[in-house]
Amino acid sequence: MAPAVPAHDGPAALVVRCVGGSGATTLTTALVRVGVLAVEREVHHGAARDVVLVTRSTAAGLHRAVLRTQALLREPAVRVHLAVVADGVGPMPLAARARLRSLRPHMASVTTVPYVARWRYVDEDTNRPLPADYERALHRIAAALDHPRDSPGAARSSGSGAQPAREDVPA
């Protein structure tokens, strides 16, 4: 069993990638830079209350997010946050947007994370400042982690019409 996330003054989260190449490792490192205790794991093992699923803005990536979310919904004390990392410039594919709409009611927050072209061409970019739009996305995730809803499963109650606490993904 994975160890529990250690005690920390700020928000904490377990970061779980839905698909390879989604940027989960980069996002985890960047969240630590903005004060979030973020630990990356392959799967949730019941140790964390807040789980940030990271996926690409593709139909396949959002399909994997649906599957991961279905597994997490079986655990009532888990709040699921979704970080949708742009797969490039341009709009999100129609199939991906449809899957995202199906996920929204089950998420504590949904945040788009911008595409950063320069990261495709460098091995390490840890000493440079983060792009402003990427940093804004990190702060939206941190704020969602730091401001819990009334109960961990509030967004999941069937038929309640509850909306995510933070959302910046267009319909």
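All figures in this text were calculated on a predicted structure; none of them were measured in a lab.

Caption draft 1: Structural view of the pairing of strand E3 (residues 50–56). Across the seven residues that make up E3, a large majority, six, are buried. In this sheet, E3 lies alongside strand E1 (residues 12–17) in parallel orientation, the contact comprising four bridges. Each bridged residue has a counterpart across the sheet, and for Val16 the counterpart in E3 is Leu53. For E3 and strand E4 (residues 79–85), the ladder comprises seven bridges, and the chain directions are parallel. Counterpart to Thr55 in the pairing with E4 is Val84. The parallel pair E3 and E4 is bridged by helix H2 (residues 59–72), and the resulting crossover is right-handed.

Caption draft 2: Structural detail: the side chain of Thr69. Within the element layout of this structure, Thr69 appears in helix H2. When near neighbours in sequence (up to four residues on either side) are disregarded, Thr69 contacts Leu53, Leu103, His106 and Met107.

Caption draft 3: Just the packing of helix H1 (residues 24–33) against helix H4 (residues 132–146), in detail. Contact pair H1 / H4: the axes reach a minimum separation of 10 Å and the direction vectors enclose 75°. Taken together, the axes of H1 and H4 lie roughly perpendicular to each other. Residue-level contacts link Thr26, Leu27, Ala30 and Leu31 of H1 to Tyr134, Leu138 and Ile141 of H4. When the residues that make up the contact of H1 with H4 are grouped by side-chain class, the tally is six nonpolar, one polar and no charged.

The rules behind these values
- Residues numbered from 1 in each chain as written.
- Predicted model: local features only at pLDDT ≥ 70, side-chain atom pairs only at ≥ 80, totals over all residues.
- Heavy atoms only, no water.
- Buried < 20%, exposed > 50% of the residue type's maximum accessible area, 1.4 Å probe, protein only.
- Helix = DSSP H or I, 4+ residues; strand = E, 2+ residues; numbered from the N terminus.
- Pairing = 2+ DSSP bridges.
- Right-handed = clockwise from strand over helix to strand, strands pointing away.
- Contact = heavy atoms within 4.5 Å.
- Axes fitted to C-alpha atoms, helices over the stretch in contact; angles between N-to-C directions.
- Parallel < 35°, antiparallel > 145°, perpendicular 65-115°, else oblique.
- Nonpolar A, V, L, I, M, F, W, Y, C, P; charged D, E, K, R; others polar.

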